[in-house]
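Observations on the model geometry
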Amino acid sequence: MPLFKIIDINPSAKVFLWKITEDFNELFRNVSLKDTSLARLEGMKSESHQKGFMAVRMLFQEAGYSDFDLYYDAFGKPHLKDGTHISISHSFDFSAIVLSTCNIGIDLELVKDKVLRIAPRFMDVSHLDNLSEAEQMRKATVVWGIKEAIFKLKNEVGISFPDHIFESPFQLSDKKCSAELHFNNVIQHYDIIFEEIDANANGELKQVYTLVCAVES
Ligand SMILES: CC(C)(COP(=O)(O)OP(=O)(O)OC[C@H]1O[C@@H](n2cnc3c(N)ncnc32)[C@H](O)[C@@H]1OP(=O)(O)O)[C@@H](O)C(=O)NCCC(=O)NCCS
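Residues numbered from 1 in each chain as written. Predicted model: local features only at pLDDT ≥ 70, side-chain atom pairs only at ≥ 80, totals over all residues. Heavy atoms only, no water.

The protein goes by Phosphopantetheinyl transferase in an unreviewed UniProt entry, where it is assigned to Flavobacterium cauense R2A-7.

**Structural notes on the overall build of the protein**
Helices and strands together make up the secondary structure of the protein, namely 6 helices and 11 strands. Seen through its C-alpha atoms, the protein measures out along the principal axes to roughly 50 × 45 × 35 Å. Across the 217 residues of the protein, 46% fall into the buried class. The contacts in the protein between residues at least 6 apart in sequence include a share of 51% that link residues at least 24 apart. Where the 23 positive side-chain charges of the protein centre and where its 32 negative ones centre are 2 Å apart. (Helix = DSSP H or I, 4+ residues; strand = E, 2+ residues; numbered from the N terminus. Buried < 20%, exposed > 50% of the residue type's maximum accessible area, 1.4 Å probe, protein only. Contact = heavy atoms within 4.5 Å. Lys, Arg positive; Asp, Glu negative; His and termini not counted. Charge placed at Lys NZ, Arg CZ, Asp CG, Glu CD.)

**Thoughts on the sheet that holds strand β10 (residues 186-198)**
With antiparallel pairing, 5 strands are arranged side by side in an open sheet as β7-β11-β10-β9-β8. Looking at strand neighbours, the two that pair on one side only are β7 (104-110) and β8 (165-167), the edges of this open sheet. Neighbour-to-neighbour, the strand axes of this sheet turn through a mean angle of 25 degrees, independent of strand direction. This element, helix α5 (residues 133-154), spans β7, β8, β9 (176-183), β10 and β11 (208-216) of the sheet and lies at about 145 degrees to β7. (Pairing = 2+ DSSP bridges. Axes fitted to C-alpha atoms, helices over the stretch in contact; angles between N-to-C directions.)

**Some words on the domain arrangement of the protein**
According to the domain assignment, the protein contains domain 1 (3-102) and domain 2 (107-216). Each side of the interface is counted separately: domain 1 has 22 residues, and domain 2 has 21 residues. Across the domain 1-domain 2 interface, the total number found is 1 salt bridge. For Lys-5, the salt bridge goes to Glu-195, with nearest N and O atoms at 2.7 Å. There are 9 residue pairs in polar contact (both at pLDDT 80 or more) connecting domain 1 and domain 2. Here the side of domain 1 that touches domain 2 is composed, by residue class, of 11 nonpolar, 6 polar and 5 charged. (Domains from an automatic or database assignment. Salt bridge = Lys/Arg side-chain N within 4 Å of Asp/Glu carboxyl O. Polar contact = N/O pair within 3.5 Å; in protein donor to acceptor, adjacent residues only side chain to side chain. Nonpolar A, V, L, I, M, F, W, Y, C, P; charged D, E, K, R; others polar.)

**Topic: the site of the ligand**
Around the ligand, the structure places 19 residues, and the nearest of them are Arg-40, Tyr-72, Ser-89, Lys-152 and Asn-155. One of the side-chain nitrogen or oxygen atoms of Asp-107 is found 3.1 Å away from an oxygen atom of the ligand. Coverage of the ligand by the protein amounts to 72% of the 930 Å² it exposes when considered alone. Of all the elements in the fold, those that place two or more residues in the shell around the ligand are β5 (85-91), β7 and α5. In terms of residue count, the dominant contributor to the shell around the ligand is α5 (4 residues). Counting only domains with at least three residues in the shell around the ligand, you end up with domain 1 (3-102) and domain 2 (107-216). (Near = heavy atom within 4 Å. Areas by Shrake-Rupley, 256 points an atom, 1.4 Å probe, with all protein chains shown as cover.)

**Side note on the sheet that holds strand β2 (residues 13-19)**
Pairing is antiparallel across the open sheet formed by 4 strands, whose spatial order is β1-β2-β6-β5. For this open sheet the edge positions go to β1 (3-10) and β5, each flanked by a neighbour on one side alone. On average, adjacent strands in this sheet sit at an angle of 15 degrees to one another, irrespective of strand direction.

In structure tokens form, the structure reads like this:
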């Protein structure tokens, strides 16, 4: 499948989602990569990672860009040469980019039970009280995505998920909330938008992905 969905986050930010159903060769034939990207692709250990990387380039093309318009800073954060803000995420069968006139972070995660085992390491688990196990899994995945998205937006060494990033109370049905980063004696506020993506097509196992975007308030 080509482009899966475009989501307008706000008037100046758009998410592009790709569902990867192509094999390696089909993606490779359809993207043009600069030498540094080709070298990165060749160095990737798993084909799944390679496909995710190329699907991101397919999304650039959908959005009117190419791999040649992108560069990475020393921390690994991607930037577009024309100054449009970009953030990138990939997870299993999906790749996502967000483009915005303001600094923005995105995270895409497949909802899995593993998140509940690691939840005490990244969040206040009392925020999962009174939920069914399935809801706990979904909510913890949103919280993880919030922290990854803010981390990508901010891109500073030393940010700790449990110690510096705090989400406000929210319900899964809200699809939005706010969060704060307490770092270097400054408190920064973020608006969070989240959406669950049902990846099911006929005959596939049920898979739900959580997409989270963070923007400065
Ligand atoms: C960098 C990091 C955010 C990537 O997240 P991930 O879930 O592994 O992978 P994703 O697919 O969502 O995102 C990967 C993309 O993030 C982007 N990225 C990498 N480093 C980045 C940075 N410093 N700032 C912003 N974006 C970054 C890249 O575009 C990358 O994809 P690409 O290299 O193919 O272009 C993550 O590895 C990380 O370091 N997290 C913070 C560490 C931490 O505190 N972890 C847990 C504490 S309990």
